[in-house]
Amino acid sequence: MNSAARLSALSLAAIVLLTPFLRAQAPPAPPAAAPATPPALYLGTAWYPEQWPESQWDADLSLMEAAHIRFVRVGEFAWSNLEPSEGHYDLDWLARSIRAAERHHIAVVIGTPSAAPPAWLTTKYPETLRIKEDGRRDEHGNRQQFNWANPKYRELARAMAEQLAKRFGHDPNVIGWQIDNEYASESFGPAEQAQFQQWLKARYGTLDNLNNKWTTAYWSETYSDWSQIPIETTYGNPGLLLSWKRFVSDTWRSYQKNQLDVIRANSDHRQFITTNMMGFFDGYDHYTVSQDLDLASWDDYVGTGQLNPIYNGAAHDLTRGFLRKNFWVMETQPGFVNWSPDNNSLDKGAVRAMAWHDVGHGADAVSYWQWRSDLNGQEEYHGTLVGADGTPVPLYAEVAHLGADFAKAGPALAGTTVHSDVAILHSYDAFWAIDWQRHNHAFDPLAAMVAYYGAIRALTHSVDVVNPSVDLSQYKLVIAPALNLITDQQAKNLIDYVHSGGHLVLTQRSAMKTIDNALQPQRQPGPLVPLLGGRVDQFYALDTTIPISGAWGSGPTNTWAELLSTSNPETKVLMRYGKTPLGWLDDQPAAITRKIGNGSITYIGANLEGDTLANAAKWMVADANLHPEFGTLPPGVDLYIRSDAHHQVWILINFGDTPQTITLPSAFEDVLADASKATTHSVTLNRFDVVVLQRPIH
Ligand code: GAL
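Values in this document were obtained by computation on a predicted structure and should not be read as measured data.

Applying the stated criterion across every chain yields a total of 35 salt bridges. For R438, the salt bridge identified is with D444, shortest N-O distance 3.7 Å. Look at D444 and you get partly exposed, because its relative accessible area is 29%. Via salt bridges that share partners, R73, E76 and E331 belong to a single interconnected network.

Take a look at the structure:
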């Protein structure tokens, strides 16, 4: 029996022995005087005490404690229990569950319950239900049926949050707050349309200005009254489409702030406020919504299949970029989900490896959704750590192993974060702008971003994903994949970056649109043309593969091709298209570059893949004068580096099928090794093996 399984057997025995006493227990003790020191790495789970008899809570919590689970998230769908009828709040059960968790050294994150309004509320105030895009009103029985813009809903959600904050805002065992759950669904009714029109008035000032910025002379779209402006989400005027998305984002922000302000006013500063986001979900601009939060967090689900460390890693780095600091994985799958077409389980060992991959990218907490199978409800089939019977499922032992890892490695990782020399730029505006007008259905802006991300990460083992508006001076290399829409401020930011010695790479479709999703008045890359000393003469959606060759070798390109030209003798051609029946691209430049002082600007007009992409990445790293200490890793092996001023932590994981031995560039202490302070110069990793190493920085 391995140590984790032994642990779970022992804890089960303890529960069996203790349960009669736990049931008979007296009312919970008042809160302890001072909050316990939080662990550097938090293992957590979503727990729904309202679904279970109180007599079972201690058994659940004992099993959690035995697995080193150090926090539970509670409450986020419990409105009907917290306010059973209007204005009648019942928070005592929640207080008792918080005290029960505390007895097991388990801290609490409270979720405000606004993602699931109670039936009395939506019956009495039907206007709080969202109107779907087809005009039908949503109804009770699911969740997220609320209207995010409705003043009455906000009033009721705020009152609920206020009650919670007043009661638990100074509770030593409450460490933070999650507002709502996975913002996603808007409302499309007449009241929201009127709000949108008011929002447009505030943004554009006059109808003349709006008509001008949206070129409404096209198709007689000119508006003579604000009330004429519709809501469009797919095939409207590009300025209208983008404005609706911006309105949606601002409205989620104010929806969140409505609860956040009342929590902040009634809680200790040490309690963080977050919301759980969804990786690459792009229903709203996450940079807009996260700016009021203390902590970014997201729900990391693989769904069908197995983890793709590059794609998932990019989503982690995106989340780390929202507030440019470490983040939490607020939910992740205990093996499998219930909502995919095929809800296969992650392979044995993958759940632990995935959690370490999360930490490597800057997560300070990993939390499983959910602890125990619901007896009834829409998610009966979802993966959990214990069954509906309250006893562990097979995965429990793997998570307990992870919990022991976290306890052991926490001190090494405390205060560390990811430091990158390379940034990939990401903008919701740019993604949306392409998605509404793909021009070639196969052009996926996310795939374009992840391709460059993966190629660079393989060389540098660390990449930041940030918005083009942020200060870029810390980066040696900045890549803007498909940065289709660029504001004047962002263009200036990029130009200043290159003039200060930065190395900027723009790829296909970049800098084509303005802040209003109109075409730039110059060819691509718009305001960057003078700096580049070149431009895009024409773009072509490709239906065949065509050859490219040059400094990055030769290979095929497809989907999209831009014919480039140079206007400055300093601008050099790096790659050219070969001959094809299309004709227009024959022997024409496909990638160009110009040195500017110590910096450079490069434009790539072809879709790179395979060797040409890998070679381009090597060229970019060399051009930016980057010399990563560690070379290319064996296939399947990933390296993550976190550090503070004094030491570095390296996490190595083998996601591949073949065992690999890696020789380290210096001696490291193996943090998880049994013998303390074990020093090592090389590691051998079987599939899903994880090593956590540290060394001082001199
Ligand atoms: C998340 C959601 C959870 C649960 C989970 C199941 O999106 O926040 O409440 O439904 O999915 O995978």
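Right, let's talk about the site of the ligand for a bit. In the vicinity of the ligand, the contacting residues are F77, R143, N181, E182, D299, Y301, E331, W339, W369, E379 and H382. Side-chain polar atom of E379 to an oxygen atom of the ligand: 2.3 Å apart, as the coordinates give it. In the environment of the ligand, an oxygen atom lies 2.7 Å from a nitrogen or oxygen atom belonging to the side chain of H382. A class-by-class count of the residues in the shell around the ligand yields four nonpolar, two polar and five charged.

One open sheet accounts for nine strands, arranged 5-4-3-2-1-9-8-7-6; its pairing is parallel. Either end of the sheet is taken by a strand with one partner, and the two such strands are strand 5 (272–274) and strand 6 (276–277). Across two bridges, the pairing between strand 6 and strand 7 (residues 297–300) is parallel. What sits directly across from N276, in strand 7, is S297. On the sheet, helix 4 (residues 92–103) packs against strand 2 (71–74), strand 3 (107–111) and strand 4 (174–178) and is oriented at approximately 150° with respect to strand 3. Packing of helix 13 (residues 395–413) onto the sheet brings it into contact with strand 1 (42–46) and strand 9 (363–368), and relative to strand 1 it is tilted by some 145°.

Okay, the side chain of N147 next. As for its placement among the helices and strands, N147 is situated in the loop between helix 5 (119–124) and helix 6 (151–168). Polar contacts involving the side chain of N147 include one to the side chain of S187, which spans 3.4 Å. Side-chain polar atoms of N147 contact the side chain of E192, separated by 2.9 Å. Ignoring any residue separated from it by four or fewer positions in sequence, one finds N147 in contact with E127, T128, L129, R130, Y153, S187 and E192.

This part covers the pairing of strand 23 (residues 660–670). Bridge count for strand 23 against strand 24 (residues 679–685) is six bridges, and the pairing is antiparallel. Residue pairing across strands places T663 opposite S682, the latter belonging to strand 24. Strand direction decides the pairing type here: strand 23 and strand 25 (residues 690–696), joined by two bridges, are antiparallel. Across the sheet, residue E669 finds its bridge partner in strand 25, namely Q694.

Here the protein averages 94 in pLDDT, while 95% of its residues score no lower than 70. Residue range residues 1–28 is modelled with pLDDT below 50. Its contacts to residues more than four positions away, or to other chains, number 24 contacts.

What follows deals with the nonpolar core. Counting residues in hydrophobic clusters, the biggest one holds 188 residues, and the most contacted among them are F168, I229 and W356. Here this core gets 11 residues from one element, more than from any other, and that element is helix 9 (residues 238–265). Ignoring sequence-local partners within four residues, the contact set of W356 consists of L41, L402, D405, F406, A409, L413, I651, I653, L672, V690 and V692. One finds L633, V637, I662 and L664 within the second-largest nonpolar core, a separate group that totals 13 residues.

The next subject is the domain arrangement of the protein. For the protein, the assigned domains are domain 1 (3–187 + 253–413), domain 2 (422–623) and domain 3 (637–696). Taken together, both faces of the contact between domain 1 and domain 3 bury some 1,600 Å²; the carbon and sulfur share is 64%. Where domain 1 packs against domain 3, one counts three salt bridges. Put simply, R687 and D347 hold a salt bridge, and the shortest N to O gap is 2.8 Å. Our enumeration of links across domain 1 and domain 3 arrives at eight residue pairs in polar contact (both at pLDDT 80 or more). Every element with two or more residues in the side of domain 1 that touches domain 3 is listed here: helix 12 (350–360), strand 9 and helix 13. Take the side of domain 1 that touches domain 3: its biggest share by element is seven residues, from helix 12.

For the rest of this paragraph, the subject is a nonpolar patch on the surface. A cluster of nonpolar side chains, contributed by Y218, W219 and Y235, occupies part of the molecular surface with about 470 Å² of accessible area. Residue position: W219 is located in the loop between helix 8 (207–213) and helix 9. Note on W219: relative accessible area 61%, which makes it exposed.

Quick look at unusual backbone geometry now. That bond from W369 to Q370 is cis: its omega, -5°, falls within 30 degrees of zero. In this chain, Q524 is followed by P525 through a cis amide linkage whose omega measures -5°. The topology assignment puts P525 in the loop between strand 13 (503–507) and helix 17 (529–532).

Taking strand neighbours across the sheet as the criterion, the nine strands line up as 11-10-12-13-20-19-18-15-16 in an open arrangement whose pairing is mixed. Edge positions in the open sheet fall to strand 11 (464–466) and strand 16 (553–557), since each of these has one partner strand only. Sheet twist, expressed as the average angle between the axes of neighbouring strands with direction ignored, equals 20°. Sheet topology note: the strand 10 (residues 422–425)/strand 11 ladder contains three bridges and is parallel.

So, about the environment of K348. Here K348 shows up in the loop between strand 8 (327–332) and helix 12. By relative accessible area, which is 78% here, K348 ends up exposed. Along the sequence, K348 and Q256 sit 92 residues apart, while their C-alpha atoms lie 38 Å from each other. Those residues in contact with K348 that lie beyond four places of it in its chain are E398 and F688.

Let us look at helix 14 (residues 428–436). Most of helix 14 is tucked away: eight of the nine residues are buried. Buried within helix 14 are the following residues: Y428, D429, A430, F431, W432, A433, I434 and W436. The inward-facing, buried residues of helix 14 abut helix 9, helix 10 (286–290), helix 11 (309–323) and helix 15 (445–460). Regarding helix 14, its N-cap is S427, as a side-chain oxygen of that residue lies 3.3 Å from the backbone nitrogen of D429 further along.

Among the 10 residues of helix 2 (residues 57–66), eight are classified as buried, and the element is accordingly described as predominantly covered. When we look at burial in helix 2, the residues that qualify are W57, D58, D60, L61, S62, L63, M64 and A66. Just downstream of helix 2 lies H68, where phi reads positive at about 65°.

Reading the values: rules and limits
- Residues numbered from 1 in each chain as written.
- Predicted model: local features only at pLDDT ≥ 70, side-chain atom pairs only at ≥ 80, totals over all residues.
- Heavy atoms only, no water.
- Salt bridge = Lys/Arg side-chain N within 4 Å of Asp/Glu carboxyl O.
- Buried < 20%, exposed > 50% of the residue type's maximum accessible area, 1.4 Å probe, protein only.
- Near = heavy atom within 4 Å.
- Polar contact = N/O pair within 3.5 Å; in protein donor to acceptor, adjacent residues only side chain to side chain.
- Nonpolar A, V, L, I, M, F, W, Y, C, P; charged D, E, K, R; others polar.
- Pairing = 2+ DSSP bridges.
- Helix = DSSP H or I, 4+ residues; strand = E, 2+ residues; numbered from the N terminus.
- Contact = heavy atoms within 4.5 Å.
- Axes fitted to C-alpha atoms, helices over the stretch in contact; angles between N-to-C directions.
- pLDDT = per-residue confidence, 0-100.
- Core = buried A, V, L, I, M, F, W, Y, C linked by side-chain atoms within 4.5 Å.
- Domains from an automatic or database assignment.
- Buried area = accessible area lost by both parts, 1.4 Å probe.
- Patch = residues over 30% accessible without salt bridge, like charges linked within 9 Å, V, L, I, M, F, W, Y side chains within 5 Å.
- Areas by Shrake-Rupley, 256 points an atom, 1.4 Å probe, with all protein chains shown as cover.

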